[in-house]
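Structure at a glance
Below are the chains, spelled out letter by letter.
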Amino acid sequence: MLFRSDMARLPVVTVGRNDGNALRAAMATQPSGRVMLTLRSAEVAFDIAETLSLDGVRVRLRAVHPRMGDLRVTLRSPRGTWSVLQRCGTTTSAQIDEWWYSSRRHVLEPSRGRWTLSVTDEAVGSTGRLLEAEIELAGLPIEDGDDDGLDDRWERARLGTLIESGADDPDGDGLSHAVEAWLGTD
């Protein structure tokens, strides 16, 4: 089953990695100084109401940027799992208008909640704009009133309770409850 969120528009914030490295070098010569380095990212939040046990996640970006290698793209799930969709690199070609990313790091996680997409420009000199972002979540629909990532009907039928979590493996067979729920076993 596939769900799409509304698209969001916002500008990319430019962050200079070279300036940060210069500041770090200055601090090496003045150890009593205090500095905190942070990268600011353009963020798009997707609030997902549907509950799926996830099989995969896809993200579509529309961006304009002269150097694709300057960008770092990450996705954080409601459970806090991070996917690095694109690392800052040496590619000097322009960001194409539309770009698709996919991740399997979120397999068996529940979909409901706030997903956060971050796009960071990690180089000085050129800037860009994030025009649109869209997320697609694919997986099995589940009823998950206790928000543990397990289908409540499966939990009641197979475990007799709703107190277990998807990561638990009390029978020690090497398969978590989330995997067994997908397989229809116990």
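The structure contained in this document is the topic of the report that follows. Since the structure is predicted, the reported quantities are computational estimates derived from the model, not experimental observations.

Reading the values: the criteria
Here the residue numbering is sequential within each chain, running from 1 through the sequence in written order. Reporting in this predicted model follows two pLDDT cut-offs: at least 70 for local features of residues, and 80 or more for side-chain atom pairs to be given and counted; totals over whole chains, interfaces and linings ignore these cut-offs and use all residues. The side-chain values count all of the structure's non-hydrogen atoms but skip hydrogen atoms and water molecules. Only DSSP runs of H or I covering at least 4 residues are called helices, and only runs of E covering at least 2 are called strands; the numbering of each starts at the N terminus. Being paired, for any two strands, means DSSP has found at least two bridges between them. To get an axis, fit a line to the C-alpha atoms, keeping to the stretch in contact for a helix; angles then go from 0 to 180 degrees between the N-to-C directions. Two aromatic rings from Phe, Tyr or Trp, using only the six-membered ring of Trp, form a pair when their centres are within 6.5 Å; if the ring planes differ by under 30 degrees the pair is stacked, by over 60 it is edge-to-face, and anything between is tilted. For every residue, the accessible area obtained with a 1.4 Å probe (protein chains only) is divided by the maximum for its type, and the residue is called buried under 20%, exposed over 50%, and partly exposed between those limits. Ring-over charges, as used throughout, are those where CZ of Arg or NZ of Lys falls within 6 Å of the ring centre and within 35 degrees of the ring normal. The directions from the helix axis to the C-beta atoms are what the arc is built from. Only heavy atoms matter for contacts: two residues are in contact if any of them lie within 4.5 Å across the pair. Nitrogen and oxygen atoms within 3.5 Å of one another constitute a polar contact, given that in protein one can donate a hydrogen and the other can accept it, and given that sequence-neighbouring residues count only through two side-chain atoms. Here, a salt bridge means any Lys or Arg side-chain nitrogen found within 4 Å of an Asp or Glu carboxyl oxygen.

Quick look at unusual backbone geometry now. Of note, the phi angle at L108 is positive, near 75°, even though the residue is not glycine. Mapped onto the elements of the fold, L108 is located in the loop between strand 7 (98-103) and strand 8 (113-121). Its identity as a non-glycine residue notwithstanding, D147 has a phi of 55°, on the positive side. Here D147 is to be found in the loop between strand 9 (129-141) and helix 2 (152-159).

Taken in spatial order, the four strands make up an open sheet running 3-8-5-6, and their pairing is antiparallel. Of all the strands in the sheet, the pair left with one neighbour each is strand 3 (42-48) and strand 6 (82-86). Taken over all neighbouring pairs, the strand axes of this sheet differ in orientation by 20° on average, direction set aside. Sheet topology places strand 5 (residues 71-76) next to strand 6; four bridges connect them, and they run antiparallel.

Here the structure, examined in full by the defined rule, presents one aromatic pair. Ring centres of W99 and Y101 lie 6.2 Å apart, and the angle between their planes is 55°; on these two criteria the pair is classed as tilted. Owing to a relative accessible area of 23%, W99 belongs among the partly exposed residues under this scheme. Against the face of W100 rests R58, its NZ or CZ located 4.0 Å from the ring centre.

Our next topic: the environment of R87. Of note, R87 is situated in the loop between strand 6 and strand 7. Note: C-alpha distance between R87 and E122 (35 residues apart in sequence) is 9.7 Å.

Residues of helix 2 that are buried include every one of D152, W154 and E155, and no others. The buried residues of helix 2 occupy an angular sector of 160° when the element is viewed end-on, so they sit on one face. Close packing links the buried residues of helix 2 with helix 3 (177-183). Sitting at the head of helix 2, D151 places a side-chain oxygen 3.1 Å from the backbone nitrogen of R153. Directly after helix 2, the chain includes G160, whose backbone phi takes a positive value near 75°.

This part covers the side chain of T81. Structurally, the position occupied by T81 is in the loop between strand 5 and strand 6. At a separation of 2.6 Å, a polar atom in the side chain of T81 contacts the side chain of E109. Non-local contacts of T81, meaning those with residues more than four positions away in its chain, are made with L75, R76, R105, H106 and E109.

With that settled, the discussion passes to the pattern of salt bridges. Overall, the coordinates contain 13 salt bridges when judged by the stated rule. R60 is the salt-bridge partner of E134, the closest N and O atoms lying 2.8 Å from each other. Taken as a pair, E134 in strand 9 and R60 in strand 4 (residues 52-64) lie far apart in primary sequence, 74 residues in all. In this structure, E143 and R153 form a salt bridge, with 3.3 Å as the shortest nitrogen-oxygen distance. Placement of E143 in the loop between strand 9 and helix 2 and of R153 in helix 2 is noted, with a sequence separation of 10 residues between them. Sharing partners across several salt bridges, the network here consists of R60, R62, E98, E132 and E134.

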